[in-house]
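# Architecture and fold: a report
Residues per chain are reported as follows:
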Amino acid sequence: MKKTITFAILFFTVSFQLYPQNVNGRVSSSILTFERFESESVSNTYFRTYQLLNLNINYDNYSIRTYMNLEDDAQKKLEFDPRLRLYNLYFEARNLFDIVTIKLGRQPIFNSITGGSFDGVTLGFKYDEYKLTAYYGGNVPAYQKFEITDKWSDDFLLGADFLTTILSDFTFGLSYINKHFKPYEYNAIRYDDDLNPITVLIRSKSQQYHLASAKVIYELPNTLDLHTKAEYDLNYNLISRVEFGGEYYYNKKLNFNLYYNYREPMIRYNSIFSVFDYGNTQEIEAGAGYKILDWLSVNGAFGYVNYSDENSSRLNIGVSSKYGTLSYRKTLGYAGELDALSLYTAYSFLNNLITPSIGLSLTKYKLSKDDNANDLITFLGGVNVRPWRMLSADLQGQFLKNKIYKNDFRLLFKINYWFNTNLDWM
């Protein structure tokens, strides 16, 4: 707890010392109401409230960024209410000496291997066509609590990314990550040598992911985009993933795309799941798109997935326009059988003051060809009102009906306020 308090004091002290030139962000307040059946005869209506803050405080090349959400219930409290989720809170210094960028605190991470947030430090170095990023920190606790791990040796993330554009139209990248998860101790009933039940404290080793990755991207503007990536699991000594994707623009109206994926299941090292027999999957999808008019296009794709002993396929066809989208999806095989038709439309009136929207989906599905088919109906209707550029309000109703949820209705109301203020301290 002392680490957490020190962490917060440091950030807010720095923010006030910066004399910010610019403050921007977004504040959102929303309420979601729905009914949940606790048993066949007892139900409760919930009014979940969410208060979101996205705040950036900027001074020259220095920034403090935060993103958090507070959730509660206006009528019936849950065990964890109110709950604060702190997604980001970090200090950033950009382009120091025209080379270095530093981030310190709870920050997002996006690379070719992992994503999410961590508590720690990131150092970025950029020189000409070369960029190196290294990071180290602790894993974020469950529910994004405002706490820092107390066991860094078993609960950390360490990694690096290297990118270069030394060849024209090419990007080459290498990534590495070592991610440990703190094991949790628990008591369990076991039998001694005389078959008498006894309570035993179970302690497991730290579970981890240990991966390396390489990627190549080729981009020829308005003609061809290619990307390929491979991941190697350093714990199990095997290739865990190979991915290839490409898009070819025949002309301004017609384009073709292709995607391939080979994947091993992602299983933590020292996990009990590693003893089970499991297999990899291979997936390939090919598609095309055609722009009929500037505001109207049609696209389609066919995909095939191969499991160790089974396979499945899928077909997607869709039409997109400035008025909305219409799509059809069909799946067959091991992943289940499904036919789904979806329609969504939205259009703005009175210079974007009012934007009503309607969505409808009709689905028929079954887990295998010998099962009985189930029907699913989903409907949503809403309106966005934006009287000023920085203020908007949304009201949306959601309805779902199938054999499990006979008549499920939910109502969401949300207010957004964007702000961007330049400050003059002189």
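About the criteria used
Residues numbered from 1 in each chain as written. Predicted model: local features only at pLDDT ≥ 70, side-chain atom pairs only at ≥ 80, totals over all residues. Heavy atoms only, no water. Pairing = 2+ DSSP bridges. Helix = DSSP H or I, 4+ residues; strand = E, 2+ residues; numbered from the N terminus. Salt bridge = Lys/Arg side-chain N within 4 Å of Asp/Glu carboxyl O. Buried < 20%, exposed > 50% of the residue type's maximum accessible area, 1.4 Å probe, protein only. pLDDT = per-residue confidence, 0-100.

### Notes on the pairing of strand 20 (residues 337-346)
In regular strands, side chains alternate between the two faces of the sheet. Across eight bridges, the pairing between strand 19 (residues 324-333) and strand 20 is antiparallel. Paired with T325 across the bridge in strand 20 is Y344. In sequence, strand 19 turns back onto strand 20 through a hairpin of three residues, with G336 there showing a positive phi of about 105°. Of the pairings in the sheet, the one linking strand 20 to strand 21 (residues 354-366) comprises ten bridges and is antiparallel in character. By the bridge assignment, L341 is partnered in strand 21 with L362.

### Some words on the pattern of salt bridges
As enumerated under the stated definition, the model contains 18 salt bridges in all. Where E285 meets R314, a salt bridge forms, and the shortest distance between an N and an O atom there is 3.1 Å. Taken together, the residues E285 in strand 16 (residues 281-293) and R314 in strand 18 (residues 311-321) connect sequence positions 29 residues apart. Residue E285 shares its accessibility class with R314, and that shared class is buried.

### Details of the confidence of the model for the protein chain
Confidence along the protein chain averages 89 in pLDDT terms, with 93% of residues attaining 70 or more. Here helix 1 (residues 2-17) stands out as the element of the protein chain with the lowest mean pLDDT, 52, in contrast to strand 15 (residues 254-263), whose mean of 97 is the highest.

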